[in-house]
Each structure stands twice: as structure tokens, then as C-alpha cells.
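Observations on the three-dimensional arrangement
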Amino acid sequence: MPKGDNVSFFDLVFEVVRLIPPGRVSSYGAIASYLGSGKSSRMVGWAMNSASSAILNVPAHRVVNRNGLLTGKAHFNPPEMMQKLLENEGMTIENDQIKNFKAVFWDPNIELRL
DNA sequence: GAGGTGACTGCGA
DNA sequence: CTCGCAGCCACCT
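Definitions and limits used
- Numbering of residues starts from 1 in each chain and follows the order in which that chain's sequence is written.
- Following the order in which they are written, the chains are lettered starting with A and the ligands numbered starting with 1.
- The predicted nature of this model means local features are confined to residues of pLDDT at least 70 and side-chain atom pairs, given and counted, to a pLDDT of 80 or more, with totals for whole chains, interfaces and linings taken over all residues.
- Heavy atoms from the whole structure form the basis of all side-chain values; hydrogens and water molecules are not counted.
- The helix count covers DSSP runs of H or I at least four residues long, the strand count covers runs of E at least two residues long, and both are numbered beginning at the N terminus.
- When accessible area is computed with a 1.4 Å probe and restricted to protein chains, residues below 20% of their type maximum are described as buried, those above 50% as exposed, and intermediate ones as partly exposed.
- Two residues qualify as a contact provided that any one of their heavy atoms is within 4.5 Å of a heavy atom in the partner residue.
- Surface exposure here means Shrake-Rupley accessible area, sampled with a 1.4 Å probe, where a residue is shielded only by the protein chains that are shown.
- Just so you know, the count uses Lys and Arg for positive and Asp and Glu for negative, and it drops His and the chain ends.
- For this purpose, a charge sits on NZ of Lys, CZ of Arg, CG of Asp or CD of Glu.
- For this document, the term salt bridge refers to a Lys or Arg side-chain nitrogen within 4 Å of an Asp or Glu carboxyl oxygen.
- Nearness of a residue to a molecule or strand requires only that one of the residue's heavy atoms be within 4 Å of it.
- The definition of a polar contact used here is a pair of N or O atoms within 3.5 Å, where within protein one atom must be able to donate a hydrogen and the other to accept one, and adjacent residues in sequence count solely through side-chain atom pairs.
- Under the convention adopted here, Pro, Cys and the residues Ala, Val, Leu, Ile, Met, Phe, Trp and Tyr are nonpolar, Asp, Glu, Lys and Arg are charged, and Gly plus all remaining residues are polar.
- A pocket, in this scheme, is an open set of points on a 1 Å grid over the protein atoms alone with protein on both sides within 12 Å along at least 5 of 7 lines, while a cavity is a set where a 1.4 Å probe fits but cannot get out; residues line either one if an atom lies within 4 Å of a point.
- Grid points are joined across faces, edges and corners, and a volume is the space filled by probe spheres set on the points.
- Among buried residues, those of type Ala, Val, Leu, Ile, Met, Phe, Trp, Tyr and Cys that are joined through side-chain atoms within 4.5 Å constitute a nonpolar core.

**Overview of the overall build of chain A**
The secondary structure content of chain A amounts to 6 helices and 4 strands. Along the longest, intermediate and shortest principal axes, the C-alpha atoms of chain A span 45 × 35 × 20 Å. Each of the 114 residues in chain A was classed as buried or not, and the buried ones make up 35%. Within chain A, residue pairs in contact and separated by at least 24 positions form 66% of the contacts whose partners lie at least 6 positions apart. Taken as a whole, chain A presents about 7300 Å² of accessible surface, with 50% of it coming from carbon and sulfur. The distance from the centre of the 12 positive side-chain charges to the centre of the 10 negative ones in chain A is 5 Å.

**Remarks on the pattern of salt bridges**
A full pass over the atoms with the stated rule returns 3 salt bridges. Its salt-bridge partner being glutamate 89, residue arginine 62 comes within 2.8 Å of it at the nearest N-O pair. Here arginine 62 is found in the loop between helix H3 (41-51) and strand S2 (63-64), whereas its partner glutamate 89 is found in the loop between helix H4 (80-88) and strand S3 (93-94), with 27 residues between them in sequence. According to the relative accessible area criterion, arginine 62 is buried, its value standing at 11%.

**Quick word on the protein's contact with DNA strand B**
Taken together, 16 residues form the shell around DNA strand B, and within it Arg42, Met43, Trp46, Met48 and Arg66 come nearest. Protein-proximal atoms of DNA strand B, defined as those within 4 Å of the protein, fall in sugar or phosphate at a share of 50%. Separating a base nitrogen of DNA strand B from a side-chain N or O atom of tryptophan 46 is a distance of 2.8 Å. A distance of 2.8 Å separates a base nitrogen of DNA strand B from a polar backbone atom of methionine 48. Taken together, the elements giving at least two residues each to the surface near DNA strand B come down to helix H2 (28-35) and H3. When grouped by side-chain class, the residues that make up the surface near DNA strand B number 6 nonpolar, 8 polar and 2 charged.

**Looking at the protein's contact with DNA strand C**
Within the structure, DNA strand C sits among Lys39, Ser40, Arg42 and Met43. When atoms of DNA strand C within 4 Å of the protein are split into backbone and base, the sugar-phosphate part holds 50%. Contact between DNA strand C and arginine 42: a base oxygen at 2.7 Å from a side-chain N or O atom of the residue. The residue makeup of the surface near DNA strand C, split by class, is 1 nonpolar, 1 polar and 2 charged.

**Focus on the layout of surface pockets**
The volume enclosed by the largest pocket comes to roughly 450 Å³. Considering every element that reaches the lining of the largest pocket, the biggest residue donor is H3, with 5 residues. Looking at the lining of the largest pocket residue by residue, the classes come out as 9 nonpolar, 8 polar and no charged.

**Points about the nonpolar core**
Val17, Met48, Leu86 and Ile98 are the most contacted members of the largest nonpolar core, which has 29 residues in total. When contributions to this core are tallied by element, the ones reaching two or more residues are helix H1 (9-18), H2, H3, S2, H4 and helix H5 (101-104). Ignoring sequence-local partners within four residues, the contact set of methionine 48 consists of Val13, Phe14, Val17, Tyr28, Val58, Ala60 and Val63.

Rendered as C-alpha cells:
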């Protein structure tokens, strides 16, 4: 039971991930950086792991590593679902890597910059 | 309470 | 170009 923490680091991650528009993807580092911890990219990964238990729907398949590689696909059920969802949004995946990744990359630091 | 792990990233050799 | 190491923080045993 958290003490006074209504929202956790995870909740912030979920919110950012939910803001990712269809046909776009983001990276762990970008989200971590947006939250103020560029080195805490691992926590974003853990947040995604917790996303499976999240009440709200979290499009974790839109979150990939810096290289556009589907590093977390193995954590999906089934794993191939991640690639399928991305392809369903009009993206091309080859060898677990997003083609033209730079074009579909969605950076919260840029899109959500105030 | 302490140690190990992990859906990552950046820099150095 | 590829390979290896260190930093980061929360969760699990």
C-alpha cells in the first residue's frame, strides 16, 4: 500500500503510452526521458510488464526499444501478436524490427512538449 | 535486510 | 562495424 502516492511511475508511463496515436510507436528511453529519468528506461519496461495487470488498456505493442526492435514481443500473449498489431496499424515489421522506424517514431518530448 | 534480475541506453575499445 | 561494461530503479526470492 503506497503512502500518499496516488499515482506511481507506472501510471505516468501508462498514460503516455495511451497517448501514442495509431500507426506510431515510441521508445522506452523517450518515455523515461519525458518522465524525467532518461536512464530509468528499464522502469518503463517494468511498467509494461505491469501493464498486463493494468485496469485500462495499454498499447504496449507501440513501445519498442531505441532501435525499433520488438524486444518485448516475447512478453506478449502470444508473442507474435505484437507484430501483428503493429502491422495492423499499417507498419511493416521485418526480422522483429520496424521498417522506416524513424517515420513512425513518436517522441513524447516533442509531441507533448509544452 | 541483502542480493539478483530485467520489455534499456550510451559510451568506450 | 561489433562487443562489452556501467548506470538506473522497482520487483522477486
